[in-house]
Amino acid sequence: MIGKITIGKSFGGCIRYCLDDKLELSQEQKLILQKQDGLKHENRAEVLEYNMCFGDKKELTRQFNEVRALRPQLSSPVMHITLSLDQEDVFTKEKLRQMGQDFAHEFGFEKNQYLVIYHQDTKHPHLHILVNRVGFDGSRINDSNSYRKVANLCRKLELKYELKQVLNPAKFMTLQQRQEHSQEQRIDHRKEHLKQNIRNCLLTASNFSDFVRKMEQQKIQVIKSRGISFIDDKKMKVKGSKVGYSLTTIEKILSHSVERRQRLYQQLENEKKLSPKNAYKQQSKSLSFTILKHIAQDNNLDLCKALEILFRQERDFNQTPYELIHKKGKRKGQSQHLSR
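About the criteria used
- Residues numbered from 1 in each chain as written.
- Predicted model: local features only at pLDDT ≥ 70, side-chain atom pairs only at ≥ 80, totals over all residues.
- Heavy atoms only, no water.
- Helix = DSSP H or I, 4+ residues; strand = E, 2+ residues; numbered from the N terminus.
- Buried < 20%, exposed > 50% of the residue type's maximum accessible area, 1.4 Å probe, protein only.
- Areas by Shrake-Rupley, 256 points an atom, 1.4 Å probe, with all protein chains shown as cover.
- Axes fitted to C-alpha atoms, helices over the stretch in contact; angles between N-to-C directions.
- Parallel < 35°, antiparallel > 145°, perpendicular 65-115°, else oblique.
- Left-handed = near helix turned anticlockwise from the far one by under 90°.
- Contact = heavy atoms within 4.5 Å.
- Nonpolar A, V, L, I, M, F, W, Y, C, P; charged D, E, K, R; others polar.
- Phe/Tyr/Trp six-rings, centres within 6.5 Å; stacked < 30°, edge-to-face > 60°.
- Lys NZ or Arg CZ within 6 Å of the ring centre and 35° of its normal.
- Expected span 1.5 Å × (residues − 1).
- Salt bridge = Lys/Arg side-chain N within 4 Å of Asp/Glu carboxyl O.
- Polar contact = N/O pair within 3.5 Å; in protein donor to acceptor, adjacent residues only side chain to side chain.
- Pairing = 2+ DSSP bridges.

A. Fine view of the overall build of the chain. Each helix and strand in the chain was counted, giving 13 helices and eight strands. When each of the 340 residues of the chain is scored for burial, the buried share is 42%. Element-wise, carbon and sulfur atoms account for 48% of the exposed surface of the chain, whose accessible area totals about 19800 Å².

Printed below as a string of structure tokens:
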């Protein structure tokens, strides 16, 4: 869940934004969009809670401004919190209403005027909490460290309501969180560096022993048993299958000549740079493009993995690329025989 908070001056403008449909859409456009994406563009806003207030837009604006007058020196009495959930999150409207109450308790505006409004016009469901910072006793809600408060509360609510967990912005992380996040980034960077080294060595190695020698020149130890693992110069050990290079994959790639590997790899690299328009024109002429297209659609595998699939396809050319990748039956409308 991603939270955002803004402090503003106009209750009327904020209330209209939260309760009205998008002004740029006509009635006809709303209905068309609703049929296309299944979202609610007409009457998109649903008020889940009125706290110390009631009525339509005009009545709400008048009530908020009447309380605002109790502290005329406060130029920015509007607090507007937006909570955006992941489209895969499972929730109920009651759960959303409770989230609004959780924010009220955390920020101390339980006894102030506020609205909890649910919008349903985007793929990411989102909640608006509109708050009057001025209380009925003339006190004001403190907005210091509000960005940090919102970020930290979002993390708590993700656990409480079993929502998808995301990281705080770096500047709001605790020291431990920053250290853990930094460590994860370093590990990911080193894994990517390892993948590049494996790929480069596979493209030039004459056999498995030569591959091991080339990897050792890059200060990477190769451990072969039933599978294969790699240890880099920082003593990080990674299974080959975790970076897309199992022992079986490596052996199959090395079973082909260096010239053939490099030629096909260069072909794939060139086709990867094609614009979508030019790539489409080349599709019927290029066997490797067909392979790469399916791979890009299904997990965007490393190019050296694409080579391995391509080699198998060329050897067993009675199978289509789709069958090789998905292990399924013949794809409807696709020729079963592909020329080299």
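B. Representation of the packing of helix 4 (residues 93-107) against helix 5 (residues 146-160) within the structure. Contact geometry for helix 4 and helix 5: axes closest at 11 Å, N-to-C directions at 140°. Considered as vectors, helix 4 and helix 5 are oriented oblique to each other. For the pair helix 4 and helix 5, the crossing hand works out as right-handed. Of helix 5, the residues touching helix 4 (which contributes Met99, Asp102, Phe103, Glu106 and Phe107) are Ser146, Lys149, Val150, Leu153, Cys154, Lys156, Leu157 and Lys160. By residue class, the composition of the contact of helix 4 with helix 5 is seven nonpolar, one polar and five charged.

C. Fine view of the packing of aromatic side chains. Using the criterion set out here, one finds seven aromatic pairs in the structure. Both rings, one in phenylalanine 107 and one in phenylalanine 109, keep their centres 6.4 Å apart while their planes meet at 35°; by these two values the pair is tilted. Given the relative accessible area of 7%, phenylalanine 107 is considered buried. Arranged with centres 5.2 Å apart and planes meeting at 70°, the rings of phenylalanine 109 and tyrosine 114 form a pair that is edge-to-face. In this pair, the class of phenylalanine 109 matches that of tyrosine 114, namely buried. Against the face of tyrosine 17 rests arginine 44, its NZ or CZ located 5.6 Å from the ring centre.

D. A look at helix 4. If you check helix 4, its first and last C-alpha atoms are 21 Å apart, about what 15 residues at 1.5 Å a residue would give, namely 21 Å. For helix 4, the complete set of buried residues consists of Lys95, Leu96, Met99, Gly100, Asp102, Phe103, Ala104 and Phe107. Following helix 4 by one or two positions, glycine 108 adopts a phi angle in the positive range, close to 80°.

E. Focus on helix 7 (residues 208-217). Taken as a whole, helix 7 has its buried residues at Asp210, Phe211, Val212, Lys214 and Met215. Backbone geometry just downstream of helix 7 places lysine 219 in the positive-phi region, at approximately 65°.

F. Examining the pattern of salt bridges more closely. Applying the stated criterion to the full structure yields 15 salt bridges. Note that lysine 57 is salt-bridged to aspartate 20, the shortest N-O span being 2.6 Å. Of the two residues, lysine 57 sits in helix 3 (residues 57-68) while aspartate 20 sits in the loop between helix 1 (11-19) and helix 2 (27-37), which places them 37 residues apart along the sequence. Judged by relative accessible area, which is 33%, lysine 57 ranks as partly exposed. One salt bridge in this structure joins arginine 213 and aspartate 210, with 2.5 Å as the shortest N-O distance. With arginine 213 and aspartate 210 both in helix 7 and three residues apart, this pair spans about one turn of that helix.

G. A look at the packing of helix 1 against helix 3. Viewed as axis vectors pointing N to C, helix 1 and helix 3 meet at an angle of 145°, and their least axial separation amounts to 9 Å. Like other packed secondary-structure pairs, helix 1 and helix 3 cross with a definite hand, here right-handed. Between helix 1 and helix 3, the contacting residues are Phe11, Gly12, Ile15, Arg16 and Leu19 on the first element and Lys57, Leu60, Thr61, Phe64, Asn65 and Arg68 on the second. Along the lines of polarity and charge, the residues of the contact of helix 1 with helix 3 split into five nonpolar, three polar and three charged.

H. Quick peek at the side chain of histidine 41. Structurally, the position occupied by histidine 41 is in the loop between helix 2 and strand 2 (45-51). Look at histidine 41 and you get buried, because its relative accessible area is 8%. Of note is the side chain of histidine 41, whose polar atom sits 2.9 Å from the side chain of aspartate 37. Once residues lying within four places of it in the same chain are set aside, the contact partners of histidine 41 are Asp21, Leu25, Lys30, Leu33, Gln34 and Asp121.

I. Examining the sheet that holds strand 8 (residues 237-239) more closely. Pairing within the open sheet is antiparallel, and its three strands lie in the order 6-7-8. Both outer strands of the open sheet, strand 6 (221-224) and strand 8, are each paired with one neighbouring strand and no more. Each strand axis lies, on average, 25° off the axis of its neighbour in the sheet, ignoring direction. As defined by bridge partners, strand 7 (residues 228-231) adjoins strand 8 across three bridges and the pair is classed as antiparallel. Its bridge partner lying in strand 8, phenylalanine 230 is registered against valine 238.

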